[in-house]
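Residue strings, one per chain:
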Amino acid sequence: MDGFYVIFFSGTGFAAVFINISVENFAGWKFSLTFKIIQKSYLAGCLIYILINLALVFSSVYIITQFAPAAAGSGIPEIKGYLNGIDIPGILLLRTLIGKIFGSIGSVGGGLALGKEGPLVHTGACIASLLGQGGSTKYHISSRWLQGFKSDRDRRDLVTCGCAAGVAAAFRAPVGGVLFSLEEVTSWWRSQLMWRVFFTSAIVAVVVRAAMGWCKSGNCGHFGSGGFIIWDISGGQEDYSFEELLPMAVIGVIGGLLGALFNQLTIYVTRWRRNYLHKKGNRVKIYEACLISVITSVISFGLPLLRKCSPCPDSDPASEIECPRAPGMYGNYVNFYCSKEKEYNDLATIFFNTQDDAIRNLFSAKTIHEFSAQSLLAFLVMFYTLAVITFGTAVPAGQFVPGIMIGSTYGRLVGIFTVNHYKKLNIEEGTYALLGAASFLGGSMRMTVSLCVIMVEITNNLKLLPLIMLVLLISKAVGDAFNEGLYEEQARLRGIPLLESRPKYEMRKMTAKEACRNQKVLSLPRVVKVADVVSILQSNKHNGFPVIDHTRNGETLVIGLMLRSHLLVLLQSKIDFQHSPLPCDPRGGPQGIRHNFSEFAKPVSSKGISINDIHLSSDDLEMYIDLAPFLNPSPYVVPEDMSLTKVYNIFRQLGLRHIFVVPRASRMIGVITRKDLLIEEETDSTAMELQSTSTLKLYRGLSFKSLRWLCANLKGGMRTIICLTNNVVCKSTCRHNSKNHSVLVLR
């Protein structure tokens, strides 16, 4: 089954390549055309530039509002909610995937202050989910041989791998993708999932690397490999001195303050949109995105016109940086609205550019004094404002690259003052730009380990690792003093109830019983009337129901958990209806064989079955269903006086949906230690060494095939198997075995 991972996440790599090449070609064509027109008229060039951006943004917002509303935003808060145990309708649909891909091309290619990296994480999750269930049944695009992951846990593992693949495709950072999934999106982890995530991230990195090699040969049109994020600053600052730690710490403080402010401002803007603007319909969403597109285009084109050009510095023979750069190509020193040929406009170098190329210019080494402090400050204020108002519009929007843009701007600004103060030190302004980018992302998103590794991988400079760690820790500490991370705040605004990594302090003084005392337990009997099932499903939205039975002495016994989705399957199929209100005869064979396992698998990329979609006749409503063959006989159980903190940790770390609270047990059956879970294997691999010499005691739940195997392989003089349940047993004989071993099976 692990071989499917190659197929799954190669698709994520190809999707990332398609998005990057499309964005770069649209942007390259746009800038090339604009540069040609401004040779004759800057006004005509400005109008063409605005119209092209407007057309791209309109296509993006139209796709989202009319075709795939769940594709708006970055999608990371929704994926976090799904992996946290919350089903959010529509986030993994095929139409969401299509809207995410083409919407990202339009919004990023249209020059909005947002990125494609967050949407790529959502794209990877959608691809993983769709291929894991064989495609989309709604659009008749499915394949049986791909349907290898039907259990809920397998699908969540697959989506986790998809998130890591998205990060690896966006940043070419496979290790960073693994750590991003571990730190940011998933709530529980295990070693088997670790290597699968690592494997899929490596596959995506290879696919993207191969695509970059293909693009460097000139097959990708405009800009070549400019859109694949990799800012190599290995030729920059080699070492740092003790005196530089203070300005670097200042960068961390600024990142924490600006990151926390960004989160708070986006909360205010998102609430205003939700309460006033977006209530007026999709047409208003389209008008809003188009208006922001026009404002962004006017600022990015018009503001550099107000800046005087600077003369090109003396060229270094060893440097490959050309001043001014050729029109329509990416690089430093843009000649924009300059009267002389050997001049450049520093504000146009970062404004009138794609974000990837602008960041590459800010990170560049051997370009001291390329940008003035006034230009950097003007860009910081304007782009910060644009990023705040753009985030939350009805287009796919990521905040990784805008955050790097903001942070690298004030980082380079601090670098200018540091260079001027420490004139004898070998200081590169691009190094401070990198630290500023890391600090803002840490202050906004509050990631540490994964973000540190991502920044090292995309810059290819391991020497800066201690400095990146320093600014990340400082910015996170400062930001945590004001609010939570960006994704947590956005999840709260969207009503996604995420379980945080740590329980609240008040839970220490509460018990499991106190947490559920205000809830009325809605349970089902083992043999339930169809009409009662329909009534219960229509009257509430619970996803799980305890199933109870009664012993011979009338004592109530909880025998398992029945899921809502499984009840809907039974109602739709009708093949398990019976006329008798009595339990079915177990000697008649297990009833579950009349269903395929895939029938009970809950769809994650479609709405699934609804109780309103099932039509039952009056005769059907008078029949009964025996739930025993279909329920989960061993749900997780905690005693009523267990600390709510412990319950919280169990719930989150095991990825549970339901947990039963039961009274304190009156007696104990036994104690299991770590040693009991270590089973030693014999040289004969077909049998297990069974320590008992007389009786093997097992709990109820073994299949008939398993009991037959045990009868055929009993060793050490064992004669009896007892399946303990309620101290009621029924004796039968293994007649297929010549030794005639007896089996005691509890009813």
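In case you missed it, the structure is sitting above this.
On a predicted model such as this, the values are computed, not experimentally measured, just so you know.

## Notes on the nonpolar core
Link 1 in the chain: By size, the foremost hydrophobic cluster in this structure holds 106 residues, and its most contacted members are Phe171, Phe400, Met455 and Ile468.
Link 2 in the chain: Ranked by residue count, the leading element in this core is helix α14 (residues 400-421), at 10 residues.
Link 3 in the chain: Both of domain 1 (1-216) and domain 2 (242-270 + 302-315 + 326-494) provide at least three residues apiece to this core.

## Digging into the sheet that holds strand β6 (residues 527-529)
Link 1 in the chain: What the three strands build is an open sheet, ordered β6-β10-β9; its pairing is antiparallel. For this open sheet the edge positions go to β6 and β9 (577-578), each flanked by a neighbour on one side alone.
Link 2 in the chain: Note that β9 and strand β10 (residues 624-626) share two bridges and pair antiparallel. Bridging across to β10, Phe577 finds its partner in Ile625.
Link 3 in the chain: Sheet strands in contact with helix α20 (residues 530-539) are β6, β9 and β10, and its direction is about 75° off that of β6.

## So, the environment of Ser339
Link 1 in the chain: As for its position among the elements, Ser339 is in the loop between β3 (310-311) and β4 (343-344).
Link 2 in the chain: Sequence spacing of Ser339 and Cys309 is 30 residues, and the spatial spacing of their C-alpha atoms is 8.1 Å.

## Some words on empty space enclosed by the protein
Link 1 in the chain: For the coordinates displayed, the defined rule picks out six cavities of 30 Å³ or more.
Link 2 in the chain: If you add up the space inside the largest cavity, you get close to 300 Å³.
Link 3 in the chain: Along the wall of the largest cavity there are 29 residues; nearest its centre are Gly111, Leu112, Asn353, Thr354 and Gln355.
Link 4 in the chain: Those elements giving two or more residues to the lining of the largest cavity turn out to be α1 (4-38), α4 (94-109), α10 (282-302), α11 (346-351), α12 (355-363), α13 (373-390) and α14.
Link 5 in the chain: The element best represented in the lining of the largest cavity is α1, accounting for five residues.
Link 6 in the chain: Both of domain 1 (1-216) and domain 2 (242-270 + 302-315 + 326-494) provide at least three residues apiece to the lining of the largest cavity.

Definitions and cut-offs
Residues numbered from 1 in each chain as written. Predicted model: local features only at pLDDT ≥ 70, side-chain atom pairs only at ≥ 80, totals over all residues. Heavy atoms only, no water. Core = buried A, V, L, I, M, F, W, Y, C linked by side-chain atoms within 4.5 Å. Buried < 20%, exposed > 50% of the residue type's maximum accessible area, 1.4 Å probe, protein only. Helix = DSSP H or I, 4+ residues; strand = E, 2+ residues; numbered from the N terminus. Domains from an automatic or database assignment. Pairing = 2+ DSSP bridges. Contact = heavy atoms within 4.5 Å. Axes fitted to C-alpha atoms, helices over the stretch in contact; angles between N-to-C directions. 1 Å grid on protein atoms, 1.4 Å probe; cavity = no way out; pocket = protein on both sides within 12 Å on 5 of 7 lines; lining within 4 Å. Points joined across faces, edges and corners; volume = space filled by probe spheres on them.

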